[in-house]
Amino acid sequence: MDISDLISRLTLDEKITLLIGKDSWSTEPVPRLGIPSIRVSDGPHGLRYESRPVEGGPSYITEATCFPTSSALAATWDMDLIREIGAAMAEEAAGLGVDVILGPGTNIKRTPVCGRNFEYFSEDPFLAGECAAAYIAGVQDRGVGTSLKHFAANNQELGRTSVSVEVDERTLREIYLRPFEIAVRKSQPWTVMCSYNRLAGIYASENAFLLDRVLRHDFGFQGLVLSDWGAVHDRAKALTASLELEMPHGSGSFENLKAALANGEITEAEIDRAVASLLRLVEKAVEGRRRRPKASDRTAHRALARAAALQAVTLLKNDGSLLPLNPASVTSLAVIGRFAKDPMIQGGGSAFVTTKSIEGALETMQEHAVKAKIRLDYEPAYSSWAEAPGLEATHEAQLVAEKADCAVVFVGTGHRVESESFDRAGIRLNPDLERLILMTAAMNPRTVVVVQAGSAIDMSAWIDKVKAVVFAWFGGEAGGPAVADVLFGAANPCGKLAETFPLRLEDTPSFDTYPGDGNHTWYREGLFVGYRHYDSMGTGVLFPFGHGLSYTSFLYADLRVTPDAVGAPGSVTVACSVTNTGDRRGSEIVQVYVGESTPRVVRPTKELKGFVKIELDPGEKGEVRFALTPRDFAYWNASLAAWHVQSGTHRIFVGSSSRDIRLEAKIAVAQGPDFS
Ligand code: BGC
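The model shown is predicted, which means the values in this text are computed figures rather than measured ones.

1. Some details on the overall build of the protein chain
And then number 1: Along its length, the protein chain carries 17 helices and 29 strands.
And then number 2: Computed over C-alpha atoms, the radius of gyration of the protein chain comes to 25 Å, within 12% of the 26 Å expected from 2.2 N^0.38 for 676 residues, which places it in the range of a compact globule.
And then number 3: Reported as C-alpha extents along the three principal axes, the dimensions of the protein chain are approximately 80 × 65 × 50 Å.
And then number 4: For the protein chain, the residues scored as buried account for 63% of the 676 residues in total.
And then number 5: Of the contacts made within the protein chain by residues no fewer than 6 positions apart, 77% connect residues no fewer than 24 positions apart.
And then number 6: By element, 51% of the accessible surface of the protein chain is carried by carbon and sulfur atoms, the whole surface being about 23200 Å².
And then number 7: Considering the protein chain, the positive charge centre built from 70 side chains and the negative charge centre built from 84 side chains are found 2 Å apart.

Here it is, written out as structure tokens:
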């Protein structure tokens, strides 16, 4: 495609139409010049492909694989797996003629009440950025594009279309922009989607600091910026800020751009630059169409969804090693709660995937129980939706729980509780579900709770009354069998939290500033988001960032940091050994945190800078290695407008969670040149 030639042959009107979506899901074509329309579709954890067979008639959503949602994927800490899911999604997209998947979302989980947390990865920018980069690479390797969203600082759904986020630049750079930076630098998404909210009073869609200065100049983004659906308020202002494509079609935008051109608000050169970017996207799509997979294997994708759900399952508590269920001491099992059969597999909103093959845990549990000669009784105990479960037949549930050796209660939230466009009212489960747990625990001292949810849950009302908690996340269409495998020991759990579970909502660092005054929301906690807050202040938490148990155990030893003194431009290698000291094969997620010993500026005590997932046989010893770069020791110095490394001692922590540090070393770091 000769882009400058095409631009010279396009009329002004044609150019303007190219910058405004044709309809909800596609761009304008210019048939006379052979410029095709390209098609976009939601993301992120499966395709939501909407079609309207008859103009003006009803729309239909095509069936697709529903993978575990992003919060579950982050709990796998498995970048190869996320990449594979990206590739599978690209196959499904290719089959439907979709050129760009509208995902991944990589906003920071500032508050556990954010309705879209299930669509996001983590409270930590490094982990969130790595997950997004892996997803993008997986999709784009197969010739389909992505849209990294929602840029930026869209951390609450309440008032999302108008609220102005007020945050200092250092916090913005180190926390909220950092996942986008990592994803852009590593994987160059074809597109970035701006968010609805304002930043320091300016809509993200019109924010030249965000879109031009930070995204293109500082991060080196080469692709196209499109608007979130309806996020453009003034098409000309958005163009000036370098937003190239408005989605969906905005009525009045054509006239707006024409008028702005006539009165000198924008220039034709700006229009040409945006058109060039749009044509580059079209070119990528056309080229991508040639190398896209020709076939999409739904059965293989379902197997992948199940494998991913399994890697995500996070064993939060397991007193007395009650799990895995041991047929020697458990001969009868009570399974309580409708979600065992009809699981909550995802959150709601534009991410909602329509799948025909939802499978609960119950069926696979029954299969395992038969093999292990365990009697299994099931009581649904509540009607259907978690926001108003309406307990029923509780007497039966109590009886079943009482006479069994062990009781497993299924609870959770669901797509009517966690969704785009509103936030959760709190982080406790519905009171009926809490009551069901307490009732069961009162009847059976060996109670296990399985939670299906997309974000942190306050468990204070019941955590001490139960022996084990399995966090299943929103595990997608095949999450049920994965949980069953973990309960019966057919698989060893290895998920770890990508977000802290606080004791109560009141402990969260944004509690007193969320949701703001209706117009603004002030991020006064600054850098102290998630574990950066809890660990720096020594605040008690329910389960720390990075926490997750296994049926085996791991010994960390032999930490080596080389060199032990480094000039800022140099890089540092951190290595240690990990041995599986238990009697089962299992995976461990080893985490490296860095913290400056006596900082001269405010810094969190430690920040995640690396992680490795290693799978080991019983008795096997493995070696893990991490490379740290100057950036891992740096902070954003707002007066220098650069990343700056301070001379001093830094502590290197290697741990199994942010609160379970197994090895520690110190390194002397010398100040080097600042960098951007
Ligand atoms: C959401 C986006 C989504 C778009 C298209 C918007 O409401 O914020 O994440 O991609 O709709 O469905």
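2. Considerations on the domain arrangement of the protein chain
And then number 1: Taken domain by domain, the protein chain holds domain 1 (3-291), domain 2 (310-543) and domain 3 (554-669).
And then number 2: Summarising the inter-unit geometry, the C-alpha centres of domain 1 and domain 3 are found 34 Å apart.
And then number 3: With 15 residues of domain 1 in contact, the opposing surface of domain 3 contributes 15 residues.
And then number 4: Summed over both partners, the interface of domain 1 with domain 3 buries about 1400 Å², with 60% contributed by carbon and sulfur atoms.
And then number 5: By the criterion of area lost to domain 3, the three top residues of domain 1 are Trp77, Phe126 and Arg170, representing 49% of everything that side buries.
And then number 6: Our enumeration of links across domain 1 and domain 3 arrives at 2 salt bridges.

3. Looking at the pattern of salt bridges
Oppositely charged side chains may form a pair once their charged atoms are brought near each other.
And then number 1: Applying the stated criterion across every chain yields a total of 54 salt bridges.
And then number 2: Ionic pairing is found between Asp141 and Arg83, a salt bridge with its closest N-O pair at 2.8 Å. In this pair, Asp141 is assigned in the loop between α5 (125-140) and β5 (145-151) and Arg83 in helix α4 (residues 79-96), connecting sequence segments 58 residues apart.
And then number 3: With a relative accessible area of 38%, Arg83 lands in the partly exposed category.
And then number 4: Note that Asp342 is salt-bridged to Arg338, the shortest N-O span being 3.7 Å.
And then number 5: Through salt bridges that share partners, Glu63, Arg298, Arg302, Glu359 and Glu477 make up one connected network.

4. Overview of empty space enclosed by the protein
And then number 1: With the rule as written, the count across this model stands at 6 cavities of 30 Å³ or more.
And then number 2: The computed volume of the largest cavity comes to approximately 160 Å³.
And then number 3: Of all elements in the fold, only α5 and β24 (607-616) reach the threshold of two or more residues within the lining of the largest cavity.
And then number 4: Class assignment for the residues of the lining of the largest cavity results in 5 nonpolar, no polar and 9 charged.
And then number 5: Both domains that furnish three or more residues to the lining of the largest cavity are identified here as domain 1 (3-291) and domain 3 (554-669).
And then number 6: Estimates place the volume of the second largest cavity at around 90 Å³.
And then number 7: Surrounding the second largest cavity, 14 residues form its lining, Lys109, Thr111, Pro112, Glu123 and Thr500 being those nearest its centre.

5. Considerations on the site of the ligand
And then number 1: Residues in close proximity to the ligand total 14 residues, the closest being Asp42, Arg116, His150, Asp228 and Glu420.
And then number 2: Between the ligand and the protein, one listed contact pairs an oxygen atom with a side-chain N or O atom of Arg116 at 2.8 Å.
And then number 3: One of the side-chain N or O atoms of Tyr196 is found 3.0 Å from an oxygen atom in the ligand.
And then number 4: About the coverage of the ligand: the protein hides 94% of its 310 Å² of free accessible area.
And then number 5: Taken together, the residues that form the shell around the ligand break down as 5 nonpolar, 2 polar and 7 charged.

6. A word on the nonpolar core
And then number 1: By size, the foremost hydrophobic cluster in this structure holds 116 residues, and its most contacted members are Ile35, Leu127, Phe151, Trp229, Leu279 and Leu608.
And then number 2: Non-local contacts of Ile35, meaning those with residues more than four positions away in its chain, are made with Leu6, Leu10, Leu18, Pro29, Val30, Leu279 and Val282.
And then number 3: Among the nonpolar cores identified, the runner-up in size contains 76 residues, and Leu362, Ala397, Ala401 and Ile437 belong to it.

7. So, helix α10 (residues 253-262)
Note on helix geometry: an α-helix contains 3.6 residues per turn, so any two residues three or four positions apart are oriented the same way.
And then number 1: Within α10, the full set of buried residues consists of Ser253, Leu257, Ala260 and Leu261. Projection of α10 onto a plane perpendicular to its axis shows the buried side chains occupying an angular sector of 100°, all on one side.
And then number 2: For α10, the secondary structure elements touched by its buried residues are α2 (12-18), α9 (235-240) and α11 (268-291).
And then number 3: Where α10 terminates, the next one or two residues include Gly264, which has phi positive at roughly 80°.

8. Topic: helix α15 (residues 431-443)
And then number 1: Helix length check: α15, at 13 residues, gives a terminal C-alpha distance of 18 Å against a target of 18 Å (1.5 Å per residue), a fit within 8%.
And then number 2: Three or more residues of α15 are buried, namely Leu433, Glu434, Leu436, Ile437, Met439, Thr440 and Ala441.
And then number 3: Taken together, the buried residues of α15 touch β12 (332-336), α14 (394-403), β14 (406-412) and β15 (447-452).
And then number 4: One side-chain oxygen at the N-terminal end of α15 lies 2.8 Å from the backbone nitrogen of Asp432; it belongs to Asn430.

9. A word on the pairing of β5
And then number 1: β5 sits mainly inside the fold: 7 of its 7 residues count as buried.
And then number 2: Alignment of strand β4 (residues 100-102) against β5, held across 2 bridges, turns out to be parallel. Bridging across to β5, Ile101 finds its partner in Thr146.
And then number 3: As paired strands, β5 and strand β7 (residues 191-194) are joined by 3 bridges and run parallel to one another. Of the residues in β7, the one forming a bridge with Ser147 is Thr191.

10. As for the packing of aromatic side chains
And then number 1: Here the structure, examined in full by the defined rule, presents 14 aromatic pairs.
And then number 2: Judged by centre distance (4.9 Å) and plane angle (55°), the ring pair of Tyr176 and Tyr523 falls under tilted. Residue Tyr176 is found in helix α6 (residues 169-176), and its partner Tyr523 is found in the loop between β18 (520-522) and α17 (531-537); the two are separated by 347 residues along the sequence.
And then number 3: Classification of Tyr523 as buried rests on a relative accessible area of 3%.
And then number 4: Considering the side-chain rings of Trp473 and Phe501, the 6.2 Å spacing of their centres and the 75° angle between planes classify their relative orientation as edge-to-face. Linking Trp473 in the loop between β16 (468-471) and α16 (479-487) with Phe501 in strand β17 (residues 501-502), this pair joins segments that are 28 residues apart in sequence.
And then number 5: The class of Trp473 is buried, set by a relative accessible area of 1%.
And then number 6: In this structure an aromatic cluster arises from ring pairing among Trp77, Phe126, Tyr531, Phe545, Tyr593 and Phe611.
And then number 7: Against the face of Tyr523 rests Arg110, its NZ or CZ located 3.9 Å from the ring centre.

Criteria and cut-off values
Residues numbered from 1 in each chain as written. Predicted model: local features only at pLDDT ≥ 70, side-chain atom pairs only at ≥ 80, totals over all residues. Heavy atoms only, no water. Helix = DSSP H or I, 4+ residues; strand = E, 2+ residues; numbered from the N terminus. Rg over C-alpha atoms; globule rule 2.2 N^0.38 Å. Buried < 20%, exposed > 50% of the residue type's maximum accessible area, 1.4 Å probe, protein only. Contact = heavy atoms within 4.5 Å. Areas by Shrake-Rupley, 256 points an atom, 1.4 Å probe, with all protein chains shown as cover. Lys, Arg positive; Asp, Glu negative; His and termini not counted. Charge placed at Lys NZ, Arg CZ, Asp CG, Glu CD. Domains from an automatic or database assignment. Buried area = accessible area lost by both parts, 1.4 Å probe. Salt bridge = Lys/Arg side-chain N within 4 Å of Asp/Glu carboxyl O. 1 Å grid on protein atoms, 1.4 Å probe; cavity = no way out; pocket = protein on both sides within 12 Å on 5 of 7 lines; lining within 4 Å. Points joined across faces, edges and corners; volume = space filled by probe spheres on them. Nonpolar A, V, L, I, M, F, W, Y, C, P; charged D, E, K, R; others polar. Near = heavy atom within 4 Å. Polar contact = N/O pair within 3.5 Å; in protein donor to acceptor, adjacent residues only side chain to side chain. Core = buried A, V, L, I, M, F, W, Y, C linked by side-chain atoms within 4.5 Å. Arc of directions from axis to C-beta. Expected span 1.5 Å × (residues − 1). Pairing = 2+ DSSP bridges. Phe/Tyr/Trp six-rings, centres within 6.5 Å; stacked < 30°, edge-to-face > 60°. Lys NZ or Arg CZ within 6 Å of the ring centre and 35° of its normal.

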